[in-house]
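Coordinate inspection notes
So you can see what is in the structure, the chains are spelled out below.
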Amino acid sequence: MKPRVLALDFDGTIAANDTIDADVAAAIQESRDTGLLTVLVTGRTLSDLDARLSGPALFDAIVAENGAVLRLPHLPPITLSRGPDLRFLAELGRHGIPHHRGQCVVDADASVAPQIIQIIRRLELPLSITFNLSRLMVLPHGVDKASGLQEALWRLRASVHNAIAVGNAQNDHEMLEVCEIGAAVAWGSEALRRSADEIVPGDGPGAVARYIRELLALARIPPERM
């Protein structure tokens, strides 16, 4: 497999304390210089990312809100899902559940999952909960990082069969599974490491830079999935 796409998670994978590791940023730019497409795939909202990303553009596309929003260069953001259900938001407010609303996603602390599940059941809404370390995200069924990445690559005229994905947490499972090579960082979720094709060795985002540079020199074929 000749890699053509590099799909990267943000927090805990290429960024720490809201900031992209400088060496990772340099490696991403080197990737783009060789013709590799780079896609950021994250649970964060675009407005939050705009406050974190500065300097030259590093990505050919950004998939935000865990697959629900897509940004391509020189185009307005594209919503890939409907917005939050107003009845759901009203119930969160009525029960005093702190949350953050994006264009499509609703984000909350993972500890309130039982209350949110009860609200979804009571309202009979087609919503799913995805955990991301200490947080959770609520989106319509079928919306995840894999679906958002596939839409981005379709618009970029690329394929997941030429894509390598790197992630660290529970919400990266679908993205790593759909790509030809799914790599989990060694310092992330144990469950994600067990299901990944490869492990990125190291103890922080700087190690992802080394992994990216290896990809520029080697065409990798993943082991057969069990």
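These numbers were taken from a predicted model, which means no experiment stands behind them. (Residues numbered from 1 in each chain as written. Predicted model: local features only at pLDDT ≥ 70, side-chain atom pairs only at ≥ 80, totals over all residues. Heavy atoms only, no water.)

**Concerning the sheet that holds strand 5 (residues 61–64)**
As a reminder of what qualifies: Any two strands with at least two DSSP bridges between them are considered paired. Each helix is a run of H or I in the DSSP string that is no shorter than four residues. Each strand is a run of E no shorter than two, and both are numbered from the N terminus.
The eight strands lie next to each other as 7-6-5-4-1-12-13-14, forming an open sheet whose pairing is mixed. The open sheet has two free edges, formed respectively by strand 7 (78–79) and strand 14 (198–200), since each of these has just one partner strand. As paired elements, strand 6 (residues 69–71) and strand 7 share two bridges and run antiparallel to each other. Across the sheet, the residue bridging to Leu70 is Ile78, located in strand 7.

**Here we look at the nonpolar core**
Rules: Only buried residues count toward a nonpolar core, which is a set of Ala, Val, Leu, Ile, Met, Phe, Trp, Tyr and Cys residues joined through side-chain atoms within 4.5 Å. Type-normalised accessible area, obtained with a 1.4 Å probe on protein chains alone, sets the label of each residue: buried when under 20%, exposed when over 50%, and partly exposed for intermediate values. Residue contacts are counted whenever heavy atoms from the two residues lie within 4.5 Å of one another.
Counting residues in each nonpolar core, the largest one holds 36 residues, and the members touching the most others are Leu8, Ile14, Ile20 and Phe59. Contributions of two or more residues to this core are made by strand 1 (5–8), helix 1 (22–33), helix 2 (46–52), strand 5, strand 11 (135–140), strand 12 (163–167), strand 13 (181–185) and helix 8 (206–217). Sequence-distant contacts of Ile14, that is, excluding residues within four places in its chain, are made with Leu8, Asp9, Thr19, Ile20, Asp21, Val24, Ile28, Leu40, Phe59, Pro205 and Val208. Counting residues in each nonpolar core, the second largest holds 23 residues, with Ala165, Met175, Ala184 and Leu192 among its members.

**With respect to the packing of helix 1 against helix 8**
Applicable threshold: Interaxial angle, 0 to 180 degrees, is taken between N-to-C directions of lines fitted to C-alpha atoms, where a helix line uses only the stretch in contact. Angle categories are assigned with fixed cut-offs, so that under 35 degrees is roughly parallel, over 145 is roughly antiparallel, 65 to 115 is roughly perpendicular, and the rest are oblique. Less than a right angle of anticlockwise turn of the near helix away from the far helix marks a crossing as left-handed, whereas a clockwise turn marks it as right-handed. In this count, Pro and Cys sit with the nonpolar residues alongside Ala, Val, Leu, Ile, Met, Phe, Trp and Tyr, while Asp, Glu, Lys and Arg are called charged and the others, Gly among them, polar.
The contact between helix 1 and helix 8 brings their axes to 8 Å, and the two run at 20°. By the criterion of interaxial angle, the relationship of helix 1 to helix 8 is roughly parallel. When the axes of helix 1 and helix 8 are compared, the crossing they make is left-handed. Only Gly206, Val208, Ala209, Ile212, Arg213 and Leu216 of helix 8 make contact with helix 1, whose side of the interface consists of Asp23, Val24, Ala26, Ala27, Ile28, Glu30 and Ser31. Considering only residue class, the contact of helix 1 with helix 8 consists of eight nonpolar, two polar and three charged.

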